[in-house]
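Residue-level structural notes
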Amino acid sequence: MPSAVKKVEEPTEHRDISRPAIGIKAYVVKESVSLRQGPAFTASIKTTLQDGEALRILENRNGWYHVITESGLKGWVRSNLVGPRNLSKPLMATAFNDSIMPRFSAQLFIDKNKPYRVIYLQFADGKTSKSYSIIKRIARAYQKKVYHGTVTVHLIKPNSRNPVKTYTFKGLEPADIPLPVLPVGILYRVKLNGTSVKLNILAPDGISRNKLLNMARKASATYEYPFEKTEIIVRSLGSKKCRLYYMEDAYGEDYAFDRCGPPSS
């Protein structure tokens, strides 16, 4: 059953009486994430956060993010359940519907039972005899911007839920990107290119080189088949100065401190 893409707003700058802005913007990237009273699975649950919900990260305590929601509620979530903007499917689907679909005079709907994997297209003129090339262009753009995996596209008429035509397009990249549990630092950017994944992490200045390297190795271990290459760039939380470049692929690992790229670059 199709449902309209929900309008998801960008997070506003959270303000309180002591400082103009706090924390780093991030988004819930999994469904039904528990916001807990403390940094432990045994801590009581304060509320449930939904996929795409905006918040700000205040600190990282051994893999638990202390966060504040848009409504001002504070609590703790596991660091692998929170990520940057481009991993928020609700936000990216909203942006896609607002910026891309008007070019085709069409609207996109998400299947309630198979969200993001199954979508519905409805054209303003009500016609379902659109060429395959147009449907493919929309589907490929959707896969690049919103959902990387295999997607099924149903064409529907206005005021109808019954598909007139159905197309399936093989995924361009892995659909779900696992996120590492970071003992320190904050993940602020993720880039996927085929089977290669690139992470950008902000870490406090006081963390030793040895701890940074161990963190990068553990983060890289998160990515197994079908991922073939992992790149990790760790920057300073205050200045974003490069602290560590780490790369691992089938040939082994390579790393260099105080660089943003491999030693050979």
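Preceding this paragraph is the structure being described.
Okay, so let's go over this structure. Just so you know, these numbers come straight off a predicted model, no measurement behind them.

When its secondary structure is counted, the protein chain shows three helices and 17 strands. Considering only C-alpha atoms, the protein chain reaches an extent of 60 × 50 × 35 Å along its principal axes. Evaluated residue by residue, the protein chain yields a buried proportion of 46% over its 265 residues. Within the protein chain, contacts between residues at least 6 apart in sequence are counted, and of these 54% link residues at least 24 apart. Entry remark: accessible area of the protein chain is about 13,800 Å², with carbon and sulfur atoms responsible for 48%. Each charge class in the protein chain can be summarised by its mean position, and for the 42 positive and 23 negative side chains these summaries are 4 Å apart.

Bringing the side chain of Arg243 into the picture now. Structurally, Arg243 can be placed in strand β16 (residues 242-249). Here Pro204 takes part through its backbone oxygen, which lies 3.1 Å from a polar atom of the side chain of Arg243. If we ignore the near neighbours within four places in the chain, the residues touching Arg243 are Ala203, Pro204, Asp205, Ile207, Leu212, Val234, Arg235, Ser236, Phe257 and Asp258.

Take the side chain of Thr69 next. Relative to the helices and strands, Thr69 resides in strand β6 (residues 64-69). A distance of 2.9 Å separates a polar atom in the side chain of Thr69 from a polar atom in the side chain of Ser71.

Our next topic: the environment of Gly126. The residue Gly126 is located in the loop between β10 (118-123) and α2 (132-145) in this model. If we ignore the near neighbours within four places in the chain, the residues touching Gly126 are Lys157 and Pro158.

This part is about helix α3 (residues 209-220). With twelve residues, α3 extends 16 Å between its outermost C-alpha atoms, agreeing within 8% with the 16 Å of an ideal straight helix rising 1.5 Å per residue. Turning to α3, its buried residues number three or more, namely Leu212, Leu213, Met215, Ala216, Ala219 and Ser220. Buried residues of α3, viewed axially, fall in a sector of 160°; they line one side. The outward face of α3, more than 90 degrees from its buried face, is lined by the exposed residues Asn210, Lys211 and Lys218.

Most of strand β9 (residues 106-111) is tucked away: five of the six residues are buried. Of the pairings in the sheet, the one linking β9 to β10 comprises five bridges and is antiparallel in character. Note that in β10 the partner of Ile110 across the bridge is Ile119.

Rules used in this analysis
Throughout, a residue's number is its position along its own chain's written sequence, starting from 1. Thresholds applied to this predicted model are a pLDDT of at least 70 for local features of residues and 80 or more for the giving and counting of side-chain atom pairs; totals over whole chains, interfaces and linings are not thresholded and use all residues. With hydrogens and water stripped out, all remaining heavy atoms of the structure feed into the side-chain values. Helix and strand assignments follow DSSP, with helices taken as H or I runs no shorter than four residues and strands as E runs no shorter than two, numbered in order from the N terminus. Burial classification: accessible surface area is computed with a 1.4 Å probe over protein chains only, and a residue below 20% of its type maximum counts as buried, one above 50% as exposed, and the rest as partly exposed. Residues count as neighbours in contact if any of their non-hydrogen atoms are within 4.5 Å of one another. Areas reported as accessible are Shrake-Rupley estimates using a 1.4 Å probe. Residue values count occlusion only from the protein chains shown. Charge counting follows a simple rule: Lys and Arg are positive, Asp and Glu are negative, and His as well as the terminal groups are ignored. Lysine's charge is taken at NZ, arginine's at CZ, aspartate's at CG and glutamate's at CD. Contacts described as polar in this section are N or O atom pairs within 3.5 Å, which, within protein, must combine one atom able to donate a hydrogen with one able to accept it, while residues neighboring in sequence count only if both atoms come from side chains. Here the expected span of a helix is defined as 1.5 Å times the quantity of residues minus one. Within this analysis, the arc is defined by the directions that extend from the helix axis to the C-beta atoms. Two strands are counted as paired when DSSP detects at least two bridges linking them.

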